[in-house]
Amino acid sequence: MKYISTRGQAPELDFEEVLLAGLASDGGLYVPDELPSYSLDEIRSWRELPYHELAYKIVSPFIGDAVEEQALKDMIKDTYAGFAHSAVAPLAQIDHNEYVLELFHGPTLAFKDFALQLLGRLLDYVLEKRGEKAVIMGATSGDTGSAAIEGCRRCKTIDIFILHPYNRVSEVQRRQMTTIPGDNIHNLAIEGNFDDCQSMVKASFRDQSFLADGRRLVAVNSINWARIMAQIVYYFYASLNLGGPDRKVAFSVPTGNFGDIFAGYLAHKMGLPIDQLTIATNQNDILHRFMSQNLYKKNPLEHTLSPSMDIVVSSNFERLLFDLFDRDGHAIADLMDKMNNEEVSIEEDRMARAREMFDSYALNDEVTCQTISQVFGESEYLLDPHTAIGVKAARETRRNKDVPMVTLGTAHPVKFADACTKAGMQYPELPAHLSDLLEREEKYTVLPNDMTKVQGFIAENLSK
Ligand SMILES: *Cc1c(COP(=O)(O)O)cnc(C)c1O
């Protein structure tokens, strides 16, 4: 399969190159040139498959011959064997025809494990084959960092440096990063805020000359196509467990950078009958405002109880716009430039096409807490704040009561215990495999908010 940039100017790449590439050289994002598409009969024939076998069916056409068949099967099986629930992505029913797809049974208790556990293995395989080594550098205010570290901890070809703002990450989230042992793992606590960390990472990607002997930085955020790819699988899995494809299913997705929900859109394009996709956001609601008013306007960042959705712009939205603009790369390059600098509306017919599939809803912290306590009262099911936003948005935007509504459960409530206690709930318990988290030994290095020092540290600590 070939991959093309949403801005039309970068070279076409194959999967192996796309895996290592990150952002395209024209500033765009890579998407498949063409999607595989499946008949209802084919999808129906996958009903009995366990998660890892379904995942192989879905992802192998995207990977092509970059990974040998048996190796890919083993890799995927190994990836999801590490999840604490044998269904991998179980459905919990919270009301009549209403479900939460629990995507938090991976090692770091958030849905990012689905993609990053596979991404680490794919990277290691491809880099080893090429005889190369790479460096992962990322900034995190919470769960991306731990998921990336857990995903790459066993990689022989990768050194990983994760920057977090010193003293500004919750204890559970910090410990999930700093207690993972490994000589190739480096947690850097930066004396600054998240934006300082993020801008050092961005600048380092632009100029990688501080890295010796041809090593490159690999992006593990959701601009990396392989992450989106891995997330397509659970939309199929949820549907097949609810009578699909002979019955439509609706999804509500707590959204930040639009990666997770974009995977649902792709599942639909590949043939899965999906009735609606709800974009659920917190007060950082640029997507909701755009969808409801056809006005794209950046607002200042707000810190909320659902920090993993605290964004100003939503990077993967460009991948959807590319389709809405009939895959015209020049038009997207112009549009992205405009969106960066001014308020933008698009043609009503394009917006109408987006609204055929997507609904949107935004809520503030107060309503998030109310939803947590309301759902607990109804069914003794404790939602994390991100998932609570999804559930409330699902209820507000639902088109058809006969269609099962599935909210993506993006994190375990213990990761965001503050919000749970604010909502009047008891402090949730850590799951068994993390029960000693607060006693484990931590390892991290405090560094000043100074890029030369940070890059110097990385250069000195690369494995031989
Ligand atoms: C990352 C994250 C999200 C947002 O996912 P996107 O793919 O950026 O839309 C939502 N909830 C949790 C818990 C997350 O970690």
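One structure accompanies this document, and this report is about it. (Residues numbered from 1 in each chain as written. Predicted model: local features only at pLDDT ≥ 70, side-chain atom pairs only at ≥ 80, totals over all residues. Heavy atoms only, no water.)

By the burial criterion, the buried members of helix 18 (residues 451-460) are Val 454, Gln 455, Phe 457 and Ile 458. Seen along its axis, helix 18 keeps its buried residues to an arc of 155°; they face one direction. Across from the buried face of helix 18, at angles greater than 90 degrees, the exposed residues are Thr 452 and Glu 460. Two to three positions downstream of the cap, the backbone nitrogen of Thr 452 sits 2.9 Å from a side-chain oxygen, assigning the N-cap of helix 18 to Asp 450. (Buried < 20%, exposed > 50% of the residue type's maximum accessible area, 1.4 Å probe, protein only. Helix = DSSP H or I, 4+ residues; strand = E, 2+ residues; numbered from the N terminus. Arc of directions from axis to C-beta. Polar contact = N/O pair within 3.5 Å; in protein donor to acceptor, adjacent residues only side chain to side chain.)

Further remarks concern the sheet that holds strand 10 (residues 274-281). Across the sheet, 6 strands lie side by side as 3-4-12-9-10-11; this open sheet has mixed pairing. Only two strands of the sheet have a single neighbouring strand rather than two, namely strand 3 (91-95) and strand 11 (358-362). When the angles between neighbouring strand axes are averaged without regard to direction, this sheet yields 25°. With 6 bridges connecting them, strand 9 (residues 249-254) and strand 10 associate as parallel partners. From the neighbouring strand, Val 249 faces strand 10, where its bridge partner is Ile 274. Those strands touched by helix 14 (residues 348-357) are strand 10 and strand 11, and its axis lies near 80° from that of strand 11. (Pairing = 2+ DSSP bridges. Axes fitted to C-alpha atoms, helices over the stretch in contact; angles between N-to-C directions. Contact = heavy atoms within 4.5 Å.)

The subject of this paragraph is the pairing of strand 4 (residues 98-102). Most of strand 4 is tucked away, with 5 of its 5 residues classed as buried. Residues Glu 98, Val 100 and Glu 102 line one face of strand 4 and the alternating positions Tyr 99 and Leu 101 line the opposite face, and both faces are buried. Sheet topology note: the strand 3/strand 4 ladder contains 4 bridges and is antiparallel. Across the sheet, Gln 93 pairs through a bridge with Tyr 99, a residue of strand 4. Hairpin connection between strand 3 and strand 4: a loop of 2 residues separates the two successive antiparallel strands, and Asn 97 in this loop has a positive phi of roughly 60°.

Moving on, we come to empty space enclosed by the protein. Taken as a whole, this structure holds 2 cavities of 30 Å³ or more when the rule is applied. If you trace the largest cavity, you find it lined by Val 31, Pro 32, Leu 35, Trp 225, Phe 262, Tyr 265, Leu 266, Lys 269, Arg 319, Asp 323 and Arg 327. Contributions of two or more residues to the lining of the largest cavity are made by strand 2 (30-32), helix 10 (259-269) and helix 12 (317-324). Here the residues of the lining of the largest cavity sort into 7 nonpolar, no polar and 4 charged. Space inside the second largest cavity adds up to approximately 40 Å³. As for the second largest cavity, its lining consists of Val 100, Phe 104, Tyr 381, Leu 382, Leu 383, Asp 384, Thr 387, Gly 409, Ala 411 and Pro 413. In the lining of the second largest cavity, the residues fall into 7 nonpolar, 2 polar and 1 charged. (1 Å grid on protein atoms, 1.4 Å probe; cavity = no way out; pocket = protein on both sides within 12 Å on 5 of 7 lines; lining within 4 Å. Points joined across faces, edges and corners; volume = space filled by probe spheres on them. Nonpolar A, V, L, I, M, F, W, Y, C, P; charged D, E, K, R; others polar.)

Moving on, we get to the pattern of salt bridges. For the structure shown, the criterion picks out 29 salt bridges. With a shortest N-O distance of 3.1 Å, Asp 78 and Arg 121 are connected by a salt bridge. One end of the pair, Asp 78, is in helix 4 (residues 69-81); the other, Arg 121, is in helix 5 (residues 112-130), and 43 residues separate them in sequence. The partly exposed category is assigned to Asp 78, whose relative accessible area is 44%. The partner of Arg 350 in a salt bridge is Glu 347, and the shortest N-O contact between them spans 3.2 Å. Via salt bridges that share partners, Glu 16, Lys 129, Arg 130, Glu 132 and Arg 216 belong to a single interconnected network. (Salt bridge = Lys/Arg side-chain N within 4 Å of Asp/Glu carboxyl O.)

These values are about where atoms sit, not about what they do.
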